[in-house]
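# Chains, contacts and geometry: an overview
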Amino acid sequence: MSGIHLHYEVSGEDFTRAGEASGSVKKRLKSLGYNTDAIRRVAIAMYEAEINMVIHADGGYCDVDIFPDRVEILLADHGPGIPDVDKAMQEGYSTAPDNVRSLGFGAGMGLPNIKKYTDEMRIETTIGVGTNLYLTVKVNE
Amino acid sequence: MSKYFHSVELEEDACCGCTNCLKRCPTEAIRVHDGKARILSERCIDCGECIRVCPHHAKKAVSSHLDEIQNFKYKIAIPAPALFGQFNHLDNIDFVLNGLKKLGFDMVFEVSRGAELISEATRSLIKENKLSKPIISSACPAVVRLIKIRFPELCDNVMPLIAPMEAAAKMARREAMKKSGLSDDEIGVFFITPCPAKVTEVNSPNHAAKSAVNGAIAISKIYPDLTREMDHLTEIEPIARSGLIGIGWANSGGESAAMLGEKYLAADGIENVIRVLEELEDEHIRDVDFIELNACSGGCVGGVLNVENPYVAQARIHNLRKYMPVSMNHLNSDDLDLMMWEKELTFDPGIFRLDEDIMKAMEMMEKMEQINSGLPGLDCGSCGAPTCRAMAEDIVRGKAKETDCIFKLRQKIQNVYDQLGNTFK
């Protein structure tokens, strides 16, 4: 059986709207009676990624495919790209501007947290073109 | 008896089938069918929002009558601290406690005393690092029920301590048995309640098989008789044994303040509570150790069974506390076990999920998304469901049909009309 496919546009203009897509996915996973640990991991990882898109890339879109045993997520933006992925993966490394940090974001935990909560993570990034972030969260019974 | 006891009920004759309660219910537990706003029993958390908002007074809370105390040889009243915020110019809570005694109670024991014990128990559990942080208060039964049906990952964070009402009931019972020599079942404990959720908690508790409280009488129900008695008091027996910590539990933030220095957050009003729980679940809230949540705005003074405006009551509670010692009740270390929950809080997965079989649930959801995309998206409530999405869900659950939507129906009629028009042209 094919999975349930969901598509979201992530607005780059408004901070307070980050989390709408992850919130909507969480609600749907709960209606499916999905594994609760997997729901939590999807919600946290997706929210972090959404925030990243808002802070660094002026928004983008998000495709989610729900399968009985896993959730696959693609977050795509047309932002500046990540110059040094290894560095971005280090805890505490951040290029977020001050106004974002004052809101409690930009602690340099975004990508490391996403990696921590997902089972697979792949980054495709091109400077000046954008970034595609592929995430998979598996159900661990 | 049905599986779920509820204190919130529909008075059918008064209900006109409008959508006021439908739109306000935080768990989408109301559907208007055949012109009446019926409650989906398994989803209702007895928060009382529908009672608050119904302009026709068709939603009501069932609570005990004062006559019921006559079923017991020894009668104890345990008033919620919110009760003390209901009277103008009150400077001594003993007036209220003596008034209650005059109504036929043998003993009056303030729930605020239980609150002080629970505050102390909480502090000691935190000190011993025995709780998973952040700790979510278990005092508001509507919040506990909400977590139980909607927030699986947070069940472990709910503090496994009984509510002050229950603690006060246990202590009062013990004292009464000693004083009167009567057996446990000859003693009746009645909570004077500000909200329907507590009535439910007495009848079908979250924490144990059976509550130590026998009944709950609404503040609004006892108020007229109580004020009359208070007006005619000739002498005042000193009964009160509460400090400002216990009385403070009536207001949102009171329980947190009693943590004495823990990093805390206090949210009140059911919508705010839900937002905090969502953020907790997503781990957005960090650096907080204790979380106090009250379903009603302002805290227990905002309960729908009070008579006074919550903010007026809140101000009065602040005033009363001025002249009180910090705390007058201390927990005997042997009694800590008595304050713990008898059973663990476990998630009830069946309430919101579409089907037990995930394959079937996925099929249903796909169909639901499809139906939803064809609905007008106005969330008008005319079909009897609170939102278009909820209606789509009801359809896949076999509980509604597409033509319940007036826009869909109009479209269908238009189609038939057009077809007929073409036929007879």
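### Focus: the overall build of chain A
Helix and strand counts for chain A stand at five helices and five strands. For a compact globule of 141 residues, the expected C-alpha radius of gyration is about 14 Å, and chain A comes in at 14 Å, within 12% of that figure. Taken across its 141 residues, chain A has 38% of its residues classed as buried. Taking the contacts inside chain A whose residues are at least 6 apart along the sequence as the reference set, 61% of them involve residues at least 24 apart.

### Quick word on the overall build of chain B
Helix and strand content of chain B: 16 helices and 11 strands. Its C-alpha atoms give chain B a radius of gyration of 24 Å, within 12% of the compact-globule value 22 Å for 425 residues. Principal-axis analysis of the C-alpha atoms places the extent of chain B at approximately 90 × 50 × 40 Å. Within chain B, buried positions represent 47% of all 425 residues. Sequence separation of 24 or more characterises 76% of the internal contacts of chain B that already satisfy a separation of 6 or more.

### Some details on the interface of chain B and chain A
The partner chain A presents 14 residues to the 17 residues of chain B that form the contact. Listing elements by their share of the side of chain B that touches chain A, those giving two or more residues are helix H11 (270-281) and helix H14 (358-374) of chain B. When residues in the side of chain B that touches chain A are grouped by element, the largest group, six residues, is from H14(B).

### What to know about the packing of helix H3 (residues 94-102) of chain B against helix H8 (residues 219-231) of chain B
Residues and elements named next belong to chain B. At a minimum axis separation of 8 Å, H3 and H8 run at an interaxial angle of 110°. The angle between H3 and H8 falls in the class roughly perpendicular. Across the interface between the two elements, Phe95, Val96, Gly99, Leu100 and Lys102 from H3 touch Leu226, Glu229 and Met230 from H8. Each residue belonging to the contact of H3 with H8 can be placed in one class, and the counts come to five nonpolar, one polar and two charged.

### Section: the pairing of strand S3 (residues 70-77) of chain A
On a regular strand, one side chain projects to one face of the sheet and the next to the other, so that they alternate. Residues and elements named next belong to chain A. Here S3 shows one buried face, formed by Val71, Ile73, Leu75 and Asp77, and one open face, formed by Arg70, Glu72, Leu74 and Ala76. Judged from the seven bridges that link them, strand S2 (residues 59-66) and S3 form a sheet pairing that is antiparallel. Bridging from a neighbouring strand, cysteine 62 pairs with leucine 75 of S3. Of the pairings in the sheet, the one linking S3 to strand S5 (residues 130-138) comprises eight bridges and is antiparallel in character. Its bridge partner lying in S5, valine 71 is registered against valine 137.

### Thoughts on the domain arrangement of chain B
When the parts of a complex come together, some accessible area is lost, and that lost area is often used as the size of the interface. Residue and element names in this part refer to chain B. With domains assigned, chain B is organised as domain 1 (1-62), domain 2 (66-339) and domain 3 (353-425). Measuring from the centre of the C-alpha atoms in domain 1 to the corresponding centre in domain 3 gives 24 Å. Facing eight residues of domain 1, the contacting portion of domain 3 comprises five residues. When residues of the side of domain 1 that touches domain 3 are traced back to their parent elements, those giving at least two are helix H1 (20-24) and strand S2 (30-33). When residues in the side of domain 1 that touches domain 3 are grouped by element, the largest group, three residues, is from S2. Residue composition of the side of domain 1 that touches domain 3, by class: three nonpolar, two polar and three charged.

### What to know about the sheet that holds strand S10 (residues 264-268) of chain B
Residue and element names in this part refer to chain B. Read from one edge of the open sheet, three strands run S7-S11-S10, paired in parallel fashion. Looking at the sheet topology across the chains shown, the edges are occupied by strand S7 (135-136) and S10. Taken together, the two bridges between S7 and strand S11 (residues 290-294) define a ladder with parallel strand orientation. The partner of isoleucine 136 across the bridge, within S11, is isoleucine 291. Set on the sheet, H11 makes contact with S10 and S11; between it and S10 the angle comes to about 140°.

### Comments concerning the confidence of the model for chain B
Within chain B, residue pLDDT values average 95, and 99% of them lie at 70 or more. Interface confidence for the predicted complex, given as ipTM, is 0.87, next to a pTM of 0.93.

### Description of helix H1 (residues 20-31) of chain A
All names here are of chain A. Between its first and last C-alpha atoms H1 spans 17 Å; for 12 residues at 1.5 Å apiece the expected length is 16 Å, and the two agree. Regarding H1, the residues found buried are Ala21, Ser22, Val25, Lys26, Leu29 and Lys30. Projected down its long axis, H1 carries its buried residues within an arc of 170°, all on one side. Residues of H1 that are buried in the fold lie against strand S1 (4-11), helix H2 (36-57) and S2.

About the cut-offs
- Residues numbered from 1 in each chain as written.
- Chains lettered and ligands numbered in written order.
- Predicted model: local features only at pLDDT ≥ 70, side-chain atom pairs only at ≥ 80, totals over all residues.
- Helix = DSSP H or I, 4+ residues; strand = E, 2+ residues; numbered from the N terminus.
- Rg over C-alpha atoms; globule rule 2.2 N^0.38 Å.
- Buried ≥ 20, exposed ≤ 12 C-beta atoms within 10 Å, placed from the backbone.
- Contact = placed C-beta atoms within 7 Å.
- Axes fitted to C-alpha atoms, helices over the stretch in contact; angles between N-to-C directions.
- Parallel < 35°, antiparallel > 145°, perpendicular 65-115°, else oblique.
- Nonpolar A, V, L, I, M, F, W, Y, C, P; charged D, E, K, R; others polar.
- Pairing = 2+ DSSP bridges.
- Domains from an automatic or database assignment.
- pLDDT = per-residue confidence, 0-100.
- Expected span 1.5 Å × (residues − 1).
- Arc of directions from axis to C-beta.

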